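So the chains spell out like this:
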Amino acid sequence: MSNQYNKLFRKEPPKELVEHILRATGLLGLHDLRWFTKDELIIDTQEEWLPLLHPFYLPCKAKRFLNKVLDGNLLITILRHCIRHHGYDLSVQERFYKEKKHSLYQLQPMKSSKDLSGTTLEVTFD
């Protein structure tokens with residue numbers, strides 16, 4: 001675990017917990033390559049998983065990130081914190097739709113994954 005993440009967590013959130021949080025928020029897990037917006041995430045399941053995550057954050061960071069009203073932006077931040085420990089990050093692209101800018105997110109491995117043919121497994125948005 002790098003020093004950057006030691007500044008957020010007492011100990012690394014287990015992969016099973018991270019997968020549970022992703023599924024509870026409407027994603028399929030760490031290997032979900034679909035693009036999504038913060039508005040598509042399910043926030044009202046927070047009572048189910050937020051208390052499980054609390055012991056892993058440092059107390060000052062838990063106060064900053066977990067003891068607030070959860071909205072889409074804060075949920076994206078929390079997801080980003082948790083998935084980085086397991087070799088994933090959130091890719092973001094901004095798109096205009098009906099004259100309004102939207103941020104689209106996608107879970108992606110930090111190291112490129114390749115299938116048996118050697119092709120990099122990464123989904124791009126056209």
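On a predicted model such as this, the values are computed, not experimentally measured, just so you know.

Asks: Would you mind going over the environment of T45 in detail, with residue names and values included?
Replies: With respect to the helices and strands, T45 occurs in the loop between α2 (15-24) and α3 (46-53). Distance in space between the C-alpha atoms of T45 and A24 is 6.2 Å, their sequence separation being 21 residues. Apart from the residues lying within four places of it in its own chain, the contact partners of T45 are A24 and T25. A polar side-chain atom of T45 sits 2.9 Å from the main-chain carbonyl oxygen of A24. Polar contacts involving the side chain of T45 include one to the side chain of W49, which spans 3.3 Å.

Asks: Residues and numbers for the nonpolar core, please.
Replies: With 31 residues, the main nonpolar core has L22, W49, L53, Y57, L66, I78 and I83 as its most contacted residues. For this core, the secondary-structure elements that each account for two or more residues are α2, α3, α4 (59-65), α5 (72-84), β1 (88-97) and β2 (100-109). The element contributing the most residues to this core is α5, with seven residues. Not counting residues up to four positions away in its chain, the partners in contact with I83 are V18, L22, L30, Y88, D89, L90 and L107.

Asks: Any details on the packing of α2 against α5? Residues and values, ideally.
Replies: Two numbers describe how α2 lies on α5: the axes approach to 10 Å, and their chain directions differ by 150 degrees. Taken together, the axis directions place α2 and α5 in an arrangement best described as roughly antiparallel. Where α2 crosses over α5, the two elements pack in a sense that is left-handed. Taking contact as the criterion, the partners of V18, I21 and L22 in α2 are, on α5, L79, C82 and I83. Among the residues making up the contact of α2 with α5, the classes are represented as six nonpolar, no polar and no charged.

Asks: Requested: an account of the confidence of the model for the protein chain, with residues and values cited.
Replies: Mean pLDDT over the protein chain works out to 86, with 83% of the residues at or above the 70 mark. Mean pLDDT values for the elements of the protein chain range from 55 in helix α1 (residues 3-6) up to 96 in α2.

Asks: Run through the environment of S103, naming residues and quoting values.
Replies: Relative to the helices and strands, S103 is located in strand β2. Residue class for S103 comes out partly exposed when judged on its relative accessible area of 25%. Distance from S103 to V92, taken between C-alpha atoms, is 6.4 Å for residues 11 residues apart in sequence. Not counting the four nearest positions on each side in its chain, S103 is found in contact with F36, T37, V92, Q93 and E94.

What counts and how
- Residues numbered from 1 in each chain as written.
- Predicted model: local features only at pLDDT ≥ 70, side-chain atom pairs only at ≥ 80, totals over all residues.
- Heavy atoms only, no water.
- Helix = DSSP H or I, 4+ residues; strand = E, 2+ residues; numbered from the N terminus.
- Contact = heavy atoms within 4.5 Å.
- Polar contact = N/O pair within 3.5 Å; in protein donor to acceptor, adjacent residues only side chain to side chain.
- Core = buried A, V, L, I, M, F, W, Y, C linked by side-chain atoms within 4.5 Å.
- Buried < 20%, exposed > 50% of the residue type's maximum accessible area, 1.4 Å probe, protein only.
- Axes fitted to C-alpha atoms, helices over the stretch in contact; angles between N-to-C directions.
- Parallel < 35°, antiparallel > 145°, perpendicular 65-115°, else oblique.
- Left-handed = near helix turned anticlockwise from the far one by under 90°.
- Nonpolar A, V, L, I, M, F, W, Y, C, P; charged D, E, K, R; others polar.
- pLDDT = per-residue confidence, 0-100.

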